[in-house]
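Listed below, chain by chain, are the residues.
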Amino acid sequence: MKLTVLGSGTFFVSPDQTASSFLLEINNKKILIDCGPGTLYRLSQLNIKPEDLDYVFLTHFHPDHSSDLFPLFMSVRLNDLFSPGSVTKFPEFYGPVGLDQFMLDYSNLTELKAVENWDKIKFNEYQDSHQLDNIVVKSFKVVHEAFRFPTRAYSLRFEAEGKIITFSGDCANCQGIKDATKDSDLFICDASFPAGMKGNVHMDTIDIGEICRDSQVKKVLLTHFYPQFEKTDFVGEVKQNFSGEVSSCHDQMEIII
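Quantities reported herein were computed from a predicted structural model and do not represent experimental measurements. Along each chain, residue indices are assigned from 1 in the same order as the chain's sequence is written. With pLDDT at 70 or above as the cut-off, local features in this predicted model cover only qualifying residues; side-chain atom pairs require 80 or more to be listed or tallied, and sums for whole chains, interfaces and linings still use all residues. The basis for every side-chain value is the complete set of heavy atoms in the structure, and neither hydrogens nor water enter the calculation.

Would you take a moment to explain the sheet that holds strand E14 (residues 219–223) for this structure?
Hydrogen bonds between backbone atoms are what pair the strands of a sheet, whose relative direction is either parallel or antiparallel. Any two strands with at least two DSSP bridges between them are considered paired. By definition, any uninterrupted DSSP run of H or I lasting at least four residues is a helix, any uninterrupted run of E lasting at least two residues is a strand, and each is numbered from the N terminus. Pairing is mixed across the open sheet formed by seven strands, whose spatial order is E7-E8-E11-E12-E13-E14-E15. The sheet terminates laterally at strand E7 (129–132) and strand E15 (245–248), the two strands that pair on one side only. Each adjacent strand pair in this sheet contributes to an overall mean axis angle of 20°, direction not counted. In the sheet, strand E13 (residues 186–190) pairs with E14 via four bridges, with the strands oriented parallel. Note that in E14 the partner of Asp190 across the bridge is Thr223. Fitting a line to C-alpha atoms yields each axis, with helices limited to the stretch in contact; the angle taken between N-to-C directions then spans 0 to 180 degrees.

Structure below.
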């Protein structure tokens, strides 16, 4: 099992840091979690084409997690159009309620009406659990607000090969993230806010440490960094309440789980 950090940032992209995106490889399956700006570029650096992906998961619809989703779709769509029969496998998309409408609206808004009447890519809305071959994926509704507006945000838990890998997506301290992280071997965690920056947008480092401690997480990998807090010692702050392994991720980082 292998995790590649494609993007560890937010809206503030740079040559060294693109927005949220991860590639999880399990049992020869390629699973993309989130698809923020820069995802397709990072995948190309790994010589991975969109049609090489088996599954694509979206934690929520905010553009720093989703803006490359329609371009990814279009890459597969156009390859199938220009070279019929060349695409032999189509990725399946998973996301919050309304994922199909989100893609259709995006298609219409950009005047690329490529979604309607083309069903080779399936759009699946989250249920409590999905069985993908030998991989169990569980979704947990979490609290995440932006500009005081609630979102359809989910944390994702992947169970395979005797391991548990959890992705927080963007979320505040809530029951959903506590349930998602229980006994996780690896927790890829939204670490947007330093200690004391409370609210319903993101967890702060105190929340992260306490949740990892109470959920008996083995290792936490911090991500989703804002440049405004680049001088903050996020790892040190999390360790104030958590004695397990803590590290910060960076783009193109690879971890064998």
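So, next bit.
What should I look at first to understand the sheet that holds strand E2 (residues 21–26) in this one?
One open sheet accounts for seven strands, arranged E6-E5-E4-E3-E2-E1-E16; its pairing is mixed. Every other strand in the sheet has two partners, leaving strand E6 (123–125) and strand E16 (254–256) as the edge strands with one partner each. Along the sheet, successive strands turn relative to each other by an average axial angle of 20°, direction set aside. For strand E4 (residues 55–57) and strand E5 (residues 92–95), the ladder comprises three bridges, and the chain directions are parallel. Looking across to E5, one finds that Val56 is bridged to Phe93. It only takes one pair of heavy atoms within 4.5 Å for two residues to be counted as in contact. Helix-sheet contacts for helix H4 (residues 99–109) involve E5 and E6, and the interaxial angle to E6 is about 140°.

Would you mind going over the pattern of salt bridges with me for this structure?
Where side chains of opposite charge bring their charged atoms close, a pairing between them can arise. Only one rule defines a salt bridge in this text: a Lys or Arg side-chain nitrogen within 4 Å of an Asp or Glu carboxyl oxygen. Applying the stated rule across the entire model yields 13 salt bridges. Asp185 is the partner of Lys218 in a salt bridge, and the nearest nitrogen-oxygen pair spans 3.6 Å. Here Lys218, found in the loop between helix H6 (205–214) and E14, pairs with Asp185, found in the loop between helix H5 (175–180) and E13; they are 33 residues apart in sequence, far enough to count as distant. Relative accessibility decides the category of a residue: with a 1.4 Å probe and only protein chains considered, values under 20% of the type maximum give buried, values over 50% give exposed, and everything between is partly exposed. Under the relative-accessibility criterion, Lys218 is labelled partly exposed at 49%. A salt bridge links Lys198 to Asp204, with the shortest nitrogen-to-oxygen separation between them at 3.5 Å. For Lys198, a relative accessible area of 52% gives the class exposed. Three or more residues joined by partner-sharing salt bridges are found here, namely Lys138, Arg157 and Glu159.

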